[in-house]
Amino acid sequence: MPYESGLVSFAAFTCLALAMKKHRSGLEPLVLPSERVLRVLGWCLLALSAAVAVFRLGPALGVTVWIGQMCVAAALLVLLLSWRPKAATALAGVGLICAPFLAFL
Amino acid sequence: MNVRPTFPAPAPPVRALRQSMAWIHAWLGLLAGWILFAMFLTGTASYFRPEITQWMQPELRSASVPAEQAAQAAINHMQATTPDDQQWFIYLPDDRTAVTRVFARAKPNPEKPPARRPELKLDPATGQSLEARDTRGGEHFYRFHFQLQLPHPWGRWLAGVCAMFMLAAIISGVITHKRIFVDFFTLRWRKGQRSWLDAHNASAVLALPFHAMITYTGLITLVAMYMPWPVKANFDKPDAFTTAAYGAPAEAKATGTPAPLLPVGPMIEAAGRTWSGDAPRTVVIRNPGDAASTVTLLRATGGRLNARPDSITFSGATGQELSRSPSPGPAIATAGVMLGLHLGHFAGPSLRWVYFFLGLTGAAMVGTGLVLWVVKRRKPNAAPFFGLKLVERLNIGAIACLPSGMAAYLLANRLIPAGLPGRAELEVKAMFWTWFGLAAVSLLRPAKRAWIETLCLATLAFAALPVVNAVTTDRGLIASLRTGDWLFAGFDLAMLAIAALCGLAAFKASRKPQPPKRKASVRAPATASPRPAPVKESVDAL
Amino acid sequence: MNNDRSAKPAAAWPGVARMTARAFTALFGGYAAAAALASLLARLLPIAPAEASAWGMILSFLAFAGLGLWAFHERRLAIVAAAVWGSALVAGAAVVLLGARA
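Everything numeric here is computed off the predicted structure, so don't read it as measured data.

A. Expanded view of the confidence of the model for chain C. Residues and elements named next belong to chain C. Of all residues in chain C, 86% attain a pLDDT of 70 or more, and the chain-wide mean is 90. Here residues 1–8 scores under 50 on pLDDT; set against residues more than four positions off or in separate chains, the count is 12 contacts. The ipTM value of the predicted complex is 0.93, and its pTM value is 0.90.

As structure tokens, this is what we get:
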């Protein structure tokens with residue numbers, strides 16, 4: 001099962017979370033893009049994660065895998081965000097960078 | 001709404017949709033929650049049903065055997081032992097199941113109805129009965145999940161009612177959750193009631209597609225039993241519907257003329273030509289040894305979502321193809337896909353772990369909801385009312401004691417001597433005695449201590465499993481890592497991970513919620529003692 | 001739960017009886033209505049009978065959940081009882097009178 005979709009979903013949810021004031025406060029030293037930019041980026045990444053899954057696995061299995069990985073990514077993000085927000089952000093970035101490599105491997 | 005509910009509960013004269021949905025959501029969750037938690041845990045475990053069965057028969061080693069050989073070997077065995085059966089349902093081995101499983105049904109006898117025979121496990125290569133410890137294996141958790149260990153049909157009906165309550169709880173929960181987007185990522189720890197609400201919301205909302213899917217498709221798996229009426233509206237005989245929908249031939253009556261059953265190898269080969277090389281997963285033989293015998297081959301569903309397999313039926317006496325399943329219409333296909341989504345057979349190993357993780361999230365949703373119910377109604381200065389005490393004790397019994405029961409089932413498998421007759425029943429008894437026994441003993445302890453102690457026991461029980469495995473078999477964790485036996489190694493590691501989860505829960509249960517931080521801008525009177533901050537969010541007026 | 005006891009005393013039945021009746025209507029009446037409506041749908045849909053029956057079965061649980069929840073939202077018990085039991089009876093009678101297709 002390709003994991004790129006899940007990694008992109010994780011990054012997408014991180015963007016959407018950081019677009020909210022209450023979750024930005026834990027990351028003072030980091031300079032984050034504006035709320036609007038993050039929100040747009042988040043939704044775009046979410047769409048990308050769907051496209052990636054469907055492209056790799058076809059519509060039926062693709063949507064199933066997309067939703068499954070998306071739910072896992074969201075749950076893991078919320079857990080991590082509540083515990084170590086900086087680590088969550090870092091992981092999102094790393095995941096997003098790794099995803100294309102996984103996709104073309 | 002920190003009001004103690006009166007019993008009898010007052011009628012809801014509320015008009016606001018969110019309020020009425022909050023009210024019914026709490027009742028639905030409360031009444032069905034304990035059973036639903038058990039259904040979620042055992043159902044989640046069932047995604048690894050064949051692996052659990054393999055772990056529980058460590059004497060067996062899987063060897064891949066071609067379908068023709070496995071099928072013929074099983075048929076030869078059945079012909080030698082019980083040739084006068086009415087039907088043999090033969091599940092061929094695959095990459096997850098090392099044995100051939102046979103469900104045989106004897107000819108009906110109106111004077112003395114034959115007893116239901118348990119599943120036979122046969123060696124796939126030789127067809128002989130297996131030399132391995134008798135056990136229900138993963139089948140026990142699977143059956144409990146939708147039969148609740150109650151006699152037919154009460155167990156399935158109760159499970160169905162609980163599933164309907166779950167469906168209504170999901171719908172009412174979504175309607176009532178006002179700040180579903182604003183609170184999407186919110187999870188605050190050690191804030192008492194707020195934390196439980198956050199946890200309940202998070203586990204429910206983040207995996208909402210899964211929870212909604214699993215609940216609805218769960219109802220669909222037993223829809224023929226729960227909702228046969230639309231079929232009766234169109235068809236006088238239910239068999240007519242089955243034939244129209246799946247093309248299965250009506251159960252042919254035995255003619256009484258004996259005719260030997262032809263070898264199935266050529267039939268399997270013929271089916272393979274139609275199915276682009278796919279082998280059958282299941283072979284159903286009706287009226288073996290009779291002139292009207294039929295051999296139905298059911299295709300392995302592989303990675304396809306639709307769990308209803310294609311089938312081809314041959315005459316057992318002449319080898320001719322009699323019929324094949326038609327390609328399903330959209331409604332039948334939808335039902336088949338719903339069945340497939342629930343069972344998850346289509347899933348490869350990593351997707352199955354996704355199912356497992358999301359299933360645990362579902363259990364967390366139910367469990368946090370039950371705990372939230374108690375935490376919301378506990379007043380700091382008042383003695384708990386009877387209903388509160390009852391619910392809290394049931395929570396401990398249903399949530400914290402069940403894991404120990406499941407671990408006990410697995411421990412019993414290793415500790416009960418392999419040759420002891422009736423050991424399969426003993427393993428099952430071990431689970432229920434441990435579960436309910438622990439729940440009863442926990443009544444003797446104050447509630448908070450009971451939570452911690454039962455969760456600690458679960459931690460120990462699961463941590464003991466790899467140890468007991470290593471001591472009683474030659475397939476312990478070190479050995480299986482060395483030989484690359486991923487099933488056994490993975491199983492032992494998973495038990496350790498579950499132990500860690502239970503340990504974390506026990507640790508969290510032992511901690512008090514944080515006293516509320518006072519904002520620097522608020523000047524607190526120097527002599528005031530800190531009071532718990534009132535819960536400002538009237539969200540989900542539960 | 002609700003602490004607005006200043007609401008008008010409503011009907012003649014006492015609280016327990018009303019709640020029991022409402023719950024009974026939601027659970028059993030809701031089931032009957034969902035089954036009857038699903039069966040009527042299956043009988044009337046102008047597609048292959050097996051397909052129509054399958055759609056009826058699939059959608060029935062949604063109807064059951066919806067009716068059950070509505071039964072606890074609508075304040076007036078009389079309306080709830082009339083709608084739920086009424087639709088069960090009417091749809092059920094229609095299905096029985098129409099008879100099976102095949």
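B. Quick look at the packing of helix α5 (residues 154–176) of chain B against helix α7 (residues 208–221) of chain B. Residues and elements named next belong to chain B. Look at α5 against α7: their axes get within 9 Å of each other, and the N-to-C directions meet at 145 degrees. Crossing of α5 against α7: the hand is left-handed. Two secondary-structure elements touch here, α5 through G160, A163, M164, M166, L167 and I170 and α7 through H211, A212, T215, Y216, G218 and L219. A class-by-class count of the residues in the contact of α5 with α7 yields 8 nonpolar, 4 polar and no charged.

C. Spotlight on the sheet that holds strand β3 (residues 120–122) of chain B. Residue and element names in this part refer to chain B. A sheet is described by the order of its strands in space; here 7 strands give the open sequence β3-β2-β1-β4-β5-β6-β7, paired in antiparallel fashion. Only two strands of the sheet have a single partner each, and these edge strands are β3 and β7 (321–324). Adjacent strand axes in the sheet meet at a mean angle of 20 degrees when their direction is disregarded. Strand direction decides the pairing type here: strand β6 (residues 311–315) and β7, joined by 3 bridges, are antiparallel. Residue T313 lies in a different strand from β7, and its bridge partner there is S323.

D. Fine view of the pairing of strand β5 (residues 294–299) of chain B. All names here are of chain B. The buried fraction of β5 is high, at 6 of 6 residues. Here β5 shows no split at all, with T294, T296 and L298 on one side and V295, L297 and R299 on the other all buried. As defined by bridge partners, strand β4 (residues 280–286) adjoins β5 across 6 bridges and the pair is classed as antiparallel. The residue bridging V283 from the neighbouring strand is L297, located in β5. In this structure, β5 lies alongside β6, joined through 5 bridges in antiparallel fashion. Within the sheet, the bridge partner assigned to L298 lies in β6 and is S311.

Rules and cut-offs
- Residues numbered from 1 in each chain as written.
- Chains lettered and ligands numbered in written order.
- Predicted model: local features only at pLDDT ≥ 70, side-chain atom pairs only at ≥ 80, totals over all residues.
- pLDDT = per-residue confidence, 0-100.
- Contact = placed C-beta atoms within 7 Å.
- Axes fitted to C-alpha atoms, helices over the stretch in contact; angles between N-to-C directions.
- Helix = DSSP H or I, 4+ residues; strand = E, 2+ residues; numbered from the N terminus.
- Left-handed = near helix turned anticlockwise from the far one by under 90°.
- Nonpolar A, V, L, I, M, F, W, Y, C, P; charged D, E, K, R; others polar.
- Pairing = 2+ DSSP bridges.
- Buried ≥ 20, exposed ≤ 12 C-beta atoms within 10 Å, placed from the backbone.

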